[in-house]
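Each chain is listed here by its residues.
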Amino acid sequence: MSSRILVPLAVAAALVAPMTANAEQGDWLFRVGMSQTNPKETNLANVLGGDIVVDSDLSPTFNVTYMLTDHIGTELLAAWPFTHGIDLKTGGDAKERVGYVDHLPPTLSLQWHFNPGGWFRPYIGAGINYTLFSSEELVGPAAGSSLELEDSWGPAGQVGVDFGLSEKWFLNLDVRYIDIDATVKINGDELSEKLEIDPMIYGVHVGYRFGKPAPVVAPAPVVAPPPPPPPPAPEPKCGDADNDGVCDAADKCPGTAAGVKVDSVGCPLEQTLKLLFDFDSAELRPESITELERVVKFMGDVPFAKTMVEGHTDSVGADAYNLSLSDRRAKSVFDYLSSRGVDPARMSSVGKGETAPIADNASAEGRQENRRVMLIRTDSGM
């Protein structure tokens, strides 16, 4: 790259350096990608018998932003030189290639970031551009003549957005306008009008954020901890054979299965009764009396217990019929308990039909599990 390009880049870096001297106070944003430069439609009129048109070009670009605060950043844009064809438009859409030129647009901008902490981070910016021209060449009908474009200063503006991909990586889209007006010399003679390129630049970049280091905090003074409080008096140990958290002496329901939620006297808050019914029947079979007598004893031992008797069926049969059958089975249990002295005010019954299966109705075993009556505690268990 020629010294005409390297020197202004060094100047731009020197300009941005004082603004980024305290880099530990903010984040650095590095972006690299491709940008399309689209000059305005007509760039110089009435030259060589027509209008001069500078065509578009695509080239790698990169930029670095230093966040002075959470919302304010300063950015330096750099690029690999854009190579543009120079066409002569003599009428209508007819064009003829008459030359080429490279340009490099380093730009220093001040930005405002609207949502620096989010994943969607739009920003705007404005700054100053210094465009360098090189490799000017005339070809075709203008071959043999010399072309020189003087470097250009001008304002620049931008809008862009960063899309967060992770904590550090992001995708960037930006659009820039740069005012580039260059003095033109052909065969050493300066033209009266300037070449107005004034491009829109559209960029797509991948970015990476380097976070600021955590602030150094002075260690807190060492203070001797207060003496620990005396240990509490040990609680008396008791036997708990079923490990339900209730001492055996107070456990009204010994032998509770592991993992079952119990009340303050060790009795389950929910249980499935082992009851047998004939097919399509709500009459209790004699084999069920032992299980029901266990419930009668439980309701007598735990006078604060209140319960709901829930009847359930499998999926065989119509929904409405199964709902009625489950309700009648629950009512049979309710009536038996009432007849054995359990206060009806402490109980209720309801049929759930086939709406709450606990096993797969596709198998005989699953349907057997679903034909059940459950005892659901409705008190607090205390």
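Read on for a plain summary of the structure. (Residues numbered from 1 in each chain as written. Predicted model: local features only at pLDDT ≥ 70, side-chain atom pairs only at ≥ 80, totals over all residues. Heavy atoms only, no water.)

1. Some points on the overall build of the protein
For the protein, the count of helices and strands is four helices and 21 strands. In the protein, which comprises 382 residues, the proportion classed as buried is 41%. Sequence-distant contacts in the protein: of pairs separated by 6 or more residues, those separated by 24 or more amount to 64%. In the form shown here, the protein has an accessible surface area of approximately 20800 Å², with 60% of it arising from carbon and sulfur atoms. (Helix = DSSP H or I, 4+ residues; strand = E, 2+ residues; numbered from the N terminus. Buried < 20%, exposed > 50% of the residue type's maximum accessible area, 1.4 Å probe, protein only. Contact = heavy atoms within 4.5 Å. Areas by Shrake-Rupley, 256 points an atom, 1.4 Å probe, with all protein chains shown as cover.)

2. Thoughts on the pattern of salt bridges
The final tally for this structure, using the stated rule, is 14 salt bridges. The closest approach of N and O atoms between Glu-196 and Lys-40, which form a salt bridge, is 3.1 Å. Placement of the pair is Glu-196 in strand β16 (residues 195-196) and Lys-40 in the loop between β1 (28-38) and β2 (44-47), with a sequence separation of 156 residues. The exposure class of Glu-196 is partly exposed, given its relative accessible area of 33%. You can call Lys-40 partly exposed: its relative accessible area is 30%. (Salt bridge = Lys/Arg side-chain N within 4 Å of Asp/Glu carboxyl O.)

3. Thoughts on the environment of Gln-271
Relative to the helices and strands, Gln-271 resides in strand β18 (residues 270-273). By relative accessible area, Gln-271 is classed as buried at 13%.

4. What to know about the nonpolar core
In terms of nonpolar packing, the biggest core is built from 23 residues, with Leu-273, Leu-275, Phe-298, Met-299, Val-333, Leu-337 and Val-373 touching the most fellow members. Elements represented by at least two residues in this core include exactly α2 (289-301), α3 (319-339) and β21 (372-377). Apart from residues no more than four positions distant in its own chain, Val-373 is found in contact with Thr-272, Leu-273, Leu-275, Phe-277, Val-309, Glu-310 and Val-333. If you look at the next biggest cluster of nonpolar residues, it comprises 22 residues, including Ile-52, Leu-147, Ala-156 and Ile-197. (Core = buried A, V, L, I, M, F, W, Y, C linked by side-chain atoms within 4.5 Å.)

5. A closer look at the packing of aromatic side chains
If you walk through the whole model with that rule in mind, you get nine aromatic pairs. A centroid spacing of 4.5 Å and a plane angle of 45 degrees characterise the contact between Tyr-130 and Trp-153, whose relative ring orientation is tilted. You can see Tyr-130 sitting in strand β9 (residues 120-138) and its partner Trp-153 sitting in strand β11 (residues 152-164), a full 23 residues away along the chain. Among the aromatic residues, those joined into a cluster by ring pairs are Trp-28, Phe-30, Tyr-66, Trp-169, Tyr-208 and Phe-210. The ring of Phe-170 carries the charged tip of Arg-121 above its face, separated from the ring centre by 5.5 Å. (Phe/Tyr/Trp six-rings, centres within 6.5 Å; stacked < 30°, edge-to-face > 60°. Lys NZ or Arg CZ within 6 Å of the ring centre and 35° of its normal.)

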